[in-house]
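The chain contents come next:
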Amino acid sequence: DPQIQTMGCILGTTRRPLLCCLLSLWLLLCSNVCLAAIDAGEQGFLEELYNAASGSTWLGGSASLVGWDFSNPSSDPCTWQGLSCNADESHVVVANLTGFGLNGTLPSSIGNLTAIRHMDMSNNSLYGTIPISICNLTALEYLNLGVNALHGSIPDVDIPHSYNITYNTTSIVNVTSNGTTTEETWNVTETDLIETNISHLDIGMLTQLKYLYLHSNMLTGQISNNIRKRTKLELVAVSNNCLSVCH
């Protein structure tokens, strides 16, 4: 029997055209549906950021230019404007959203971007505080949140031993003191806390960080000494804030 090629599928017989069609259909579906395969936590952050920072207005409201489409399951975040992924497209490693027109707050789920190396959200209209969960981005080498309207302190949180700290399945740290509970998103387990004896969280925990830009915001408080202890840190820009150096 002659060979038949159908939709890129070659079979050595004419007796199996149905199998060929099914295989081709599977390949077609996989090429679309399997694209959006980045980590679910990272996808969750991207959607939260889009909703919290007026995503529909980014880059002048041009949806086709931005490409961030959460309604289409075949839309691949690794092809979206401003994002780049690792080789197997399982993690976002670059988020370059400078000048996008972000107008809103940074979700605490930013801590889900555990593989990101380069994050630039400068020259936007972000306000609110910098989530403490940003301390979870231990692969980060470049962080630029400059020229926004962020306020509060640079992440620098004490967890005294007298506090009652519990964890639920989504790694939310609930810190209770004097009957008041506050939530901090932090990707550690109870075992990690015991082994490392974590009593303080600050941006100095980003051990791979080389460039830190937080200039031209409304940040207050002190700059932790732990930032200056980072041996890989080459540049820190924090001018045009209301900060002091912690000695």
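Residues numbered from 1 in each chain as written. Predicted model: local features only at pLDDT ≥ 70, side-chain atom pairs only at ≥ 80, totals over all residues. Heavy atoms only, no water.

### Some remarks on the overall build of the protein chain
Across its full length, the protein chain holds 6 helices and 18 strands. Residues counted as buried form 38% of the 247 residues belonging to the protein chain. Considering only residue pairs separated by 6 or more positions, the protein chain has 53% of its internal contacts joining residues 24 or more positions apart. As displayed, the protein chain offers around 12,900 Å² of accessible surface, 52% of which is attributable to carbon and sulfur atoms. (Helix = DSSP H or I, 4+ residues; strand = E, 2+ residues; numbered from the N terminus. Buried < 20%, exposed > 50% of the residue type's maximum accessible area, 1.4 Å probe, protein only. Contact = heavy atoms within 4.5 Å. Areas by Shrake-Rupley, 256 points an atom, 1.4 Å probe, with all protein chains shown as cover.)

### Description of the packing of aromatic side chains
Inspection of every chain in the model, using the stated rule, returns 10 aromatic pairs. With centroids separated by 5.3 Å and ring planes inclined at 70°, the aromatic side chains of Y50 and W58 adopt a geometry described as edge-to-face. Side by side, Y50 and W58 carry an identical accessibility label, which is buried. Three or more aromatic residues joined by ring pairs make a cluster, and in this case those are Y50, W58, W68, F70, W80 and F100. (Phe/Tyr/Trp six-rings, centres within 6.5 Å; stacked < 30°, edge-to-face > 60°.)

### Structural notes on the pairing of strand 4 (residues 92-96)
Sheet topology note: the strand 3 (residues 83-85)/strand 4 ladder contains 3 bridges and is antiparallel. What sits directly across from S84, in strand 4, is V94. Between strand 3 and strand 4, which follow one another and run antiparallel, lie 6 residues, and E89 among them has a positive phi close to 55°. In terms of strand pairing, strand 4 meets strand 6 (residues 118-120) through 3 bridges, oriented parallel. Looking at the pairing, A95 lines up with M119 of strand 6. (Pairing = 2+ DSSP bridges.)

### Thoughts on the environment of D156
Among the secondary structure elements, D156 is positioned in strand 10 (residues 156-158). Distance in space between the C-alpha atoms of D156 and S224 is 7.2 Å, their sequence separation being 68 residues.

### Regarding the state of the cysteines
Evaluation of the coordinates by the stated rule reveals 1 disulfide. Paired through a disulfide, C78 and C85 show a sulfur-sulfur distance of 2.1 Å. On the S-S bond that ties C78 to C85, the torsion sits near -95°, and the link is left-handed. Neither C78 nor C85 differs from the other in exposure class; each is buried. (Disulfide = S-S within 2.5 Å.)

### Describing the side chain of E42
For E42, the position within the fold is in helix 2 (residues 40-52). The buried charged residue E42 lacks any salt bridge, with R117 as its nearest oppositely charged partner at 11 Å. Side-chain polar atoms of E42 contact the side chain of H91, separated by 2.5 Å. In this view, E42 contacts S90, H91, V92, N112, L113 and T114; residues no more than four positions away in its chain are not counted. (Lys, Arg positive; Asp, Glu negative; His and termini not counted. Salt bridge = Lys/Arg side-chain N within 4 Å of Asp/Glu carboxyl O. Polar contact = N/O pair within 3.5 Å; in protein donor to acceptor, adjacent residues only side chain to side chain.)

### Some remarks on the environment of L140
Of note, L140 is situated in the loop between strand 7 (125-128) and strand 8 (142-144). Judged by its relative accessible area of 0%, L140 is buried. The spacing of L140 and T114 is 26 residues in sequence and 8.3 Å in space, taken between C-alpha atoms.

### Section: the confidence of the model for the protein chain
Of the residues in the protein chain, 65% reach a pLDDT of 70 or more, and the chain-wide mean stands at 76. Across residues 29-36, confidence stays below pLDDT 50; counting only partners more than four residues off in sequence or on other chains, it has 10 contacts. (pLDDT = per-residue confidence, 0-100.)

### Structural notes on empty space enclosed by the protein
Summed over all chains, the structure comprises 1 cavity of 30 Å³ or more. Taken as a whole, the largest cavity encloses approximately 30 Å³ of empty space. Forming the boundary of the largest cavity are I154, P155, D156, D202, I203, Q222, I223, S224 and I227. For the lining of the largest cavity, the residue count by class is 5 nonpolar, 2 polar and 2 charged. (1 Å grid on protein atoms, 1.4 Å probe; cavity = no way out; pocket = protein on both sides within 12 Å on 5 of 7 lines; lining within 4 Å. Points joined across faces, edges and corners; volume = space filled by probe spheres on them. Nonpolar A, V, L, I, M, F, W, Y, C, P; charged D, E, K, R; others polar.)

### Considering unusual backbone geometry
Its identity is not glycine, yet V147 carries a phi of approximately 55°, on the positive side. Tracing the sequence through the fold places V147 in the loop between strand 8 and strand 9 (149-152). The exposure class assigned to V147 is partly exposed, which follows from its relative accessible area of 32%. With a phi close to 55°, S216 is a non-glycine residue in the positive phi region. The topology assignment puts S216 in the loop between strand 15 (211-213) and strand 16 (218-223).

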